[in-house]
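Results of the structural survey
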Amino acid sequence: MPLLSLKNLSKRFDKTPAVTDVSLDVERGEFFGLLGPSGCGKTTTLRMIAGLEQPDSGAISFEDIAITNLPAEKRGFGMVFQNYALFPHLNVLENVAFGLRARHKSKKEIIERVKSALELVQLPGYEKRRVDELSGGQQQRVAIARAIAIEPALLLFDEPLSNLDVTLREETRGELRELVTRLGLTAVYVTHDQEEAFALCDRISVMVGGRILQTGRPRDLYEHPAQLSVGKFLGRNNLIRAMRLSSSKSELGEFKTLEGGHVIRIPVADKNLVPLNQPCILAIRPEHVLVTNSTDKLENVLPVTVREINFAGATSSIKLDAEGLVLEALALDANGLSVGDTLTVVLPPERIALLKNE
Amino acid sequence: MSRKVDTAEGKRDTETRGRGDTERITNRVPASPRLFSSPRLFLLFIAALVLLYGVIYPNIHVVVASFQQNGNWSVSNYVQALSRVIVLESILASVGVSVFTVLLCATVGIPLAFLFERYSFPARRVFALLAALPLVLPPLVGTVAFIFLCGESGILARLIQSTFHLEHSPWSLRGWPALLLFHTYTMYPFFYVLTGAGLTRIDAALAEAARSLGASRTRVVTLILLPQLTPSLIAAALLTFMTSMASFSAPLLFGGGVRMLTLEIYTARQRGDASLAITETVILAAISLSALFFFQRYEGTRKFAAAAMKGSTKKRQPIARGGARSLAIACGVFFSLLLVLPVATLLLVSFAREGNWTTQTLPTAYTFANYVKIFSDSRASEVFLNSLSMSAIAAVAALLWSFCVAALLARKGSRKLKRLLSWLILVPWALPGTVVAVSIAESYGQPSLLLGSFILVGTFWILPVVYFLRFMPLVVRAVQASMEQLDATLEEAAASLGAGWWQRFTRVTLPLIWPGAIAGTLLAFVIALGEYVASVLVFVPTNRPISIAIASELRDFNLGTAAAYGVVLMLMIGVIMTVAARLERSRA
């Protein structure tokens, strides 16, 4: 039985649909991500889980109890807001104690629990500070401490790291994951940052245009995107327009690229058999495009010309032209290459994903 | 409901979160509609009660009464009123004076705002502050000061008379020119302040972008600045028009042949012609409300989304060239003198020995006797206590009321209900003081449906009630403005932490809107302190406010005493406004 379950949630703002038919299950102890570009409805979904918005239709249940219309204050979920939403008129102690006061805890217990919450976020002794004296990172930690102090049944994050600078973001990310695991909490985490979602989450739902396109473990999403928009959204991809050839009989499907007219063979399982002579999209990650000089009996070998080399620190991105088909490859070391060189690349069949063309 | 804990993972989690779990279970109640939590019901009840007694019933009562004659429905009141030349004239006079007032105030206020906002020159800040001075001047006090300064036997007239050895006063402060002069003096700050505020909000980068695209200076002003200023200008025009329609002290003291509606209503009531007064009241109210709708409608079509402002805020251009610079300074000095002179005159006259200032340019003998008199004579000094206590009652009530309204409006709820509430609250603000006073006096001057045999008119409570109704919209506005600045996620954060509606309001919203609310309350308080228009219609002789004392001293030709009252009133207002400004700044 999943801990949290959303069934066919839909929400409109005036006439604009924000969330359409969203269903998902979050297991106990899971760190669950909602990933999508801005305006995709992920925050609205989170706010419906929190009880800050009411869905127009659909149901939310927690531990198998319907909570769809339960007010936010009765849900007992902790939430960390994008702008932190710290109470400016209260100090750190009073901010963290807010939820405990609302639960009418004894003074002694409040002090103890605030203290341990602040220790957990590595801000011990900050009780008497004013929140506007704190740095962004510290405010962020207070917001987290405030949410975990109430021992939430579920912890909700709305892009909590987006206001931090890059180094701090990566550091906090690690600590956050560690903290949630240590406390045995279940978390739902909203972000538009794919790297962040991959680093933090056990499972991710990719949302675009108010709908969930795909849900799965980060690696599965990355390597086997189910749709073109997922493939486009998650990392860089070479998207090759192609047509399945009628001649292909073997378990390796044969495709002819529309640009360049190359023949590419990939394994096609029956379930996503693409109709013959229909356009489709083949996707391969730049890091999977092998730049090589040897042409041993490998499949999918294409002759290419180097068009552009972009140095990007640890790696270099190389733009290649295979008789009209533009490919991007990632190389750890592009020292030997220069623009105009001709070489060959290999597109390993097992690395090529066949995408539905929407 | 049984909770299955069949996976190993699940078991571990329940154990680690044991305490939180039990809490949650006890907290969990079946999903219930959120609309009728009990404090909300209570507040709704209070709001409905106040609006019913203060706004709905009195106004409906007056409208109904205006359509009745000898107990029958009839339009004969209107037929009679509109067939009188004097009523038609007063309608035309009110509207005409107000339209011209708006035009004149715009002519003075807008260029002044441009001058002070766009250019810097020596002592600009002092001049800029002085320019807003008439805003804190109670209309009656301003009128009195104007008479002392520019009246036909005022300082300026006598100065010219004695310099040129004229037989008569060179002018008389009467009629249209006098009214328009005074209205412009007291109401141009609406344009000045709102245009200034509008100018600071405009992203300077827009003007720079236009210049870089080759637009000339005049094109920038007409195509970029003015369209963006339109909302501010409309708001200023509305305020000016409404204030002018409601103007009473000036028409009373030097309107001459120009009989504005407010004055007509007053004299009709003094004559005992209640049905004419009521009919005229309804006409005045109808004109004011139509103006409000007209302007708001127009304003709605002219709203611009505030462009994101980053960096470039317009620096004031220093006026460097010698000629322009001296001219700007000269204008500033001249203008400030104009503004300060009436107040200075009031101060001077307040020290004049009574009966000593007859034909001379300036009073000849000075004394503290006027101040001693108004503070030592118990009949004279009690007006301060009266005004202070009545205004304080009204202001505190307005504060409590605005929190009640804010709590109701803050909640997600029926949009229609909220709009109705906001609209009903706005009504007493949009109606001239004369209308509010007459409608309350007419509704509660005899045994009524709502109050039974209790008659409000003639009691101490009539003025606090009228003050409350007239000025509570100001406080509600201030509180609403503070609420709009409030980050909405704070309340959501409080909700997610388990705070119910009442806790969220008292522990998050209230502490954060407090400074703005107090500033608004103080503003309402000082305006109530100097209130005259409504007071003169319904005051009780045993409980006179300051303004009535000033008017009666003036009638008895105790000019010094009247001036002394005025000066003390202005001092009180000045002190309180300073406190309010401090609060306003501490919020930022």
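See above for the structure.
What counts, and at which threshold
- Residues numbered from 1 in each chain as written.
- Chains lettered and ligands numbered in written order.
- Predicted model: local features only at pLDDT ≥ 70, side-chain atom pairs only at ≥ 80, totals over all residues.
- Heavy atoms only, no water.
- Helix = DSSP H or I, 4+ residues; strand = E, 2+ residues; numbered from the N terminus.
- Buried < 20%, exposed > 50% of the residue type's maximum accessible area, 1.4 Å probe, protein only.
- Contact = heavy atoms within 4.5 Å.
- Areas by Shrake-Rupley, 256 points an atom, 1.4 Å probe, with all protein chains shown as cover.
- Pairing = 2+ DSSP bridges.
- Axes fitted to C-alpha atoms, helices over the stretch in contact; angles between N-to-C directions.

Remarks on the overall build of chain B
Looking only at helices and strands, chain B features 25 helices and four strands. Looking at chain B as a whole, 50% of its 588 residues are labelled buried. Taking contacts inside chain B between residues at least 6 apart in sequence as the whole, the part at least 24 apart equals 75%. Entry remark: accessible area of chain B is about 27800 Å², with carbon and sulfur atoms responsible for 67%.

Details of the pairing of strand E17 (residues 315-322) of chain A
Residue and element names in this part refer to chain A. Most of E17 is tucked away, with six of its eight residues classed as buried. Counted along the chain from strand E16 (residues 301-312) to the antiparallel partner E17, the turn is two residues long, and its residue Gly313 has a positive phi close to 80°. Note that E17 and strand E18 (residues 325-331) share seven bridges and pair antiparallel. Directly across from Ser316, in E18, lies its bridge partner Ala331. Counting the residues that bridge the hairpin from E17 to E18 gives two residues, and of these Glu323 lies at a positive phi of roughly 50°.

Here we look at the environment of Ser422(B)
Residue and element names in this part refer to chain B. Within the secondary structure, Ser422 sits in helix H18 (residues 415-430). Taking the C-alpha atoms as reference, Ser422 lies 9.6 Å from Arg477; in sequence the two are 55 residues apart. Not counting residues up to four positions away in its chain, the partners in contact with Ser422 are Leu409 and Gln480.

Examining the sheet that holds E18(A)
Residue and element names in this part refer to chain A. Spatial strand order, E15-E19-E16-E17-E18: five strands in an open sheet with antiparallel pairing. Since the sheet does not close on itself, it has two edges, and those belong to strand E15 (290-292) and E18, each with one partner. Within this sheet the neighbouring strands show an average axis-to-axis angle of 45°, counted without direction. Bridge count for E16 against E17 is seven bridges, and the pairing is antiparallel. Looking across to E17, one finds that Asn310 is bridged to Ser317.

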